[in-house]
Amino acid sequence: MGRAIHPGAWWLWSLSLGTAATRTTNPLLLALLITVSAYVVATRRPETPWSRSYGAFVKLALAVLLIRLVFAIVLGSPIPGTHTLFTLPEAGLPAWAQGIRLGGEVTAEALAFALYDGLKLATLLICVGAANALANPSRLLKSLPGALYEMGVAVVVALTFAPNLIADVQRLRAARRLRGRPDKGLRGLLQVGLPVLEGALERSVALAAAMDARGYGRTAQVPAAVRRTTAALTLGGLLGVCAGTYGLLTAEGGTYGVPVLLVGIVAALAGLKLGGRRSLRTRYRPDRWDVRAWLVVASGVAVAALLTLASVRDPAALHPGVVPLVAPTLPLWPAAAVLLGLLPAFVAPDPKEPS
């Protein structure tokens, strides 16, 4: 097995697919994005505790989709419709609750709109789950700039909490099944919950001890001028990024948006570079961005860029109408663009092959 792909490349690939999902409400394209991410995860995820979290993200996405449909049925939808599917008993509400209804007619147009909207959010969650399943969180932490190390530790601990919790639940349920004890229902949940909480507490104590033993939080002495320059560059860069992004999103800021955004990014990166001087840590065998990592990132960015372009040139294909209700069709060249996201399945090393 070759050297593993840089974890940052997996995150950029997954976030790019998520960005592409936000550019369309076509359920066929969204289903294709889910299929692409699922295939890459199935073929390239390692046998590790965090890689098992993908199923949990899929279940969460299904729950979000179901909740969105239930809300559309119970609370109604602002989308007008003529194809009534069924009618629920409608509850009368006071005058101050105008615009809200409980029950009433449920139309096909309202359900279609809720389905498209919920599926977009579900696809975004599944793409984030793909990043959690493919990227090694400890290796990702090693790759962060020194100025972001402490914040990165907090983020990595938060991201690994859910996968470790899921692994503990699966392990304890399997142990109870082997002993012939119930592992489902309220009784099984109560008897599994306490050992899971105990395991989480033990991991927290062990993590705190390990961080203290490794000198977590130590900082080097730097001149006051460097500290002030770092703060000015970082704050100015972040303000520039915000102003440039706002300019790109408004019609009036089209001329200054890109230059201000680029200047802000450069200033923020310079501030992070100077801020890294306070970190005393070293890296053992740092991960390198090789050609395969760049190909993984390029495939995701290409999917996001091409779907963004398609949403501008052919918005009707990427946003099928619900009033009047029409059947969605699969546009050919946006679908071909989505298939570019399969490239990591062919360039990344197979984690199941022996070294």
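Rules used in this analysis
Residues numbered from 1 in each chain as written. Predicted model: local features only at pLDDT ≥ 70, side-chain atom pairs only at ≥ 80, totals over all residues. Heavy atoms only, no water. Axes fitted to C-alpha atoms, helices over the stretch in contact; angles between N-to-C directions. Helix = DSSP H or I, 4+ residues; strand = E, 2+ residues; numbered from the N terminus. Parallel < 35°, antiparallel > 145°, perpendicular 65-115°, else oblique. Left-handed = near helix turned anticlockwise from the far one by under 90°. Nonpolar A, V, L, I, M, F, W, Y, C, P; charged D, E, K, R; others polar. Phe/Tyr/Trp six-rings, centres within 6.5 Å; stacked < 30°, edge-to-face > 60°. UniProt positions renumbered as here; feature names shortened; annotations may be inferred. Buried < 20%, exposed > 50% of the residue type's maximum accessible area, 1.4 Å probe, protein only. Polar contact = N/O pair within 3.5 Å; in protein donor to acceptor, adjacent residues only side chain to side chain. Core = buried A, V, L, I, M, F, W, Y, C linked by side-chain atoms within 4.5 Å. Arc of directions from axis to C-beta. Contact = heavy atoms within 4.5 Å. Salt bridge = Lys/Arg side-chain N within 4 Å of Asp/Glu carboxyl O.

Student: What exactly am I supposed to notice about the packing of helix 3 (residues 53–74) against helix 4 (residues 108–134) here?
Tutor: Between two packed helices, what matters for the description is the angle formed by their axes and the separation of those axes. Helix 4 packs onto helix 3 with a crossing angle of 165° between their chain directions and a minimal axis gap of 8 Å. By the angle between their directions, the pair helix 3 and helix 4 is classed as roughly antiparallel. For the element pair helix 3 and helix 4, the recorded crossing hand is right-handed. Class assignment for the residues of the contact of helix 3 with helix 4 results in 22 nonpolar, four polar and two charged.

Student: Would you explain the packing of aromatic side chains in this entry?
Tutor: Each pair of aromatic rings is reported with the distance of its centres and the angle of its planes. Summed over the entire model, instances satisfying the criterion amount to two aromatic pairs. Between Trp10 and Trp13, the ring centres sit 5.9 Å apart and the planes meet at 80°, which makes this aromatic pair edge-to-face. Of the two residues, Trp10 and Trp13 both sit in helix 1 (residues 7–21), three residues apart, roughly one turn of that helix.

Student: For this particular structure, what's the right way to read the UniProt feature "transmembrane region" (unreviewed entry) in the chain?
Tutor: UniProt records the feature "transmembrane region" (unreviewed entry) at residues 20–42, 54–75, 147–167, 231–249, 255–272, 293–312 and 332–349, using the numbering of this structure. Annotated as 78% helix and 0% strand, the span residues 20–42 places its first and last C-alpha atoms 21 Å apart. The distance from the first to the last C-alpha atom of residues 332–349 is 30 Å, and the span holds 67% helix and 0% strand.

Student: Please clarify how the environment of Leu274 should be interpreted in this entry.
Tutor: Relative to the helices and strands, Leu274 resides in helix 9 (residues 257–275). Put simply, Leu274 and Thr229 are 45 residues apart on the chain and 8.3 Å apart in space, counted from C-alpha to C-alpha.

Student: Can you help me understand the side chain of His6 in this one?
Tutor: Its place among the elements puts His6 in the segment before helix 1. Judged by relative accessible area, His6 falls into the buried class, the value being 5%. In terms of polar contacts, His6 uses its side chain to reach the backbone amide nitrogen of Gly8, at 2.9 Å.

Student: I keep staring at the nonpolar core and nothing clicks. Help me out?
Tutor: In summary, soluble globular proteins display a tendency toward joint burial of nonpolar side chains. Core analysis: the biggest nonpolar cluster contains 42 residues, and Ile5, Trp10, Trp13, Leu33, Val296 and Val338 have the highest contact counts within it. Secondary-structure elements contributing two or more residues to this core are helix 1, helix 2 (27–44), helix 3, helix 4, helix 10 (291–313), helix 11 (315–318), helix 12 (332–339) and helix 13 (344–347). Sorting elements by how many residues they give to this core places helix 4 first, with eight residues.

Student: Looking at this structure, I do not really get the environment of Gly321. What am I missing?
Tutor: Tracing the backbone shows Gly321 in the loop between helix 11 and helix 12. With relative accessibility at 31%, the residue Gly321 sits in the partly exposed group. Taking the C-alpha atoms as reference points, Gly321 and Phe113, 208 residues apart in sequence, are found 8.6 Å from one another.

Student: Mind showing me how you'd approach helix 12 here?
Tutor: Every α-helix carries 3.6 residues per turn, so stepping three or four residues along brings you back to the same face. Buried within helix 12 are the following residues: Pro334, Ala335, Ala337 and Val338. The arc enclosing the buried residues of helix 12, seen along the axis, measures out at 155°, which places them on a common side. Buried residues in helix 12 make contact with helix 2, helix 10 and helix 11.

Student: Got a minute to help me understand the pattern of salt bridges in this structure?
Tutor: Working definition: two side chains of opposite charge can pair if their charged atoms are close together. Applying the stated rule across the entire model yields two salt bridges. A salt bridge links Arg68 to Asp117; the shortest N-O distance between them is 3.2 Å. Taken together, the positions of Arg68 in helix 3 and Asp117 in helix 4 put the pair 49 residues apart, joining distant regions of the chain. For Arg68, a relative accessible area of 25% corresponds to the partly exposed category. A relative accessible area of 30% places Asp117 in the partly exposed class. Where Asp290 meets Arg292, a salt bridge forms, and the shortest distance between an N and an O atom there is 3.2 Å.

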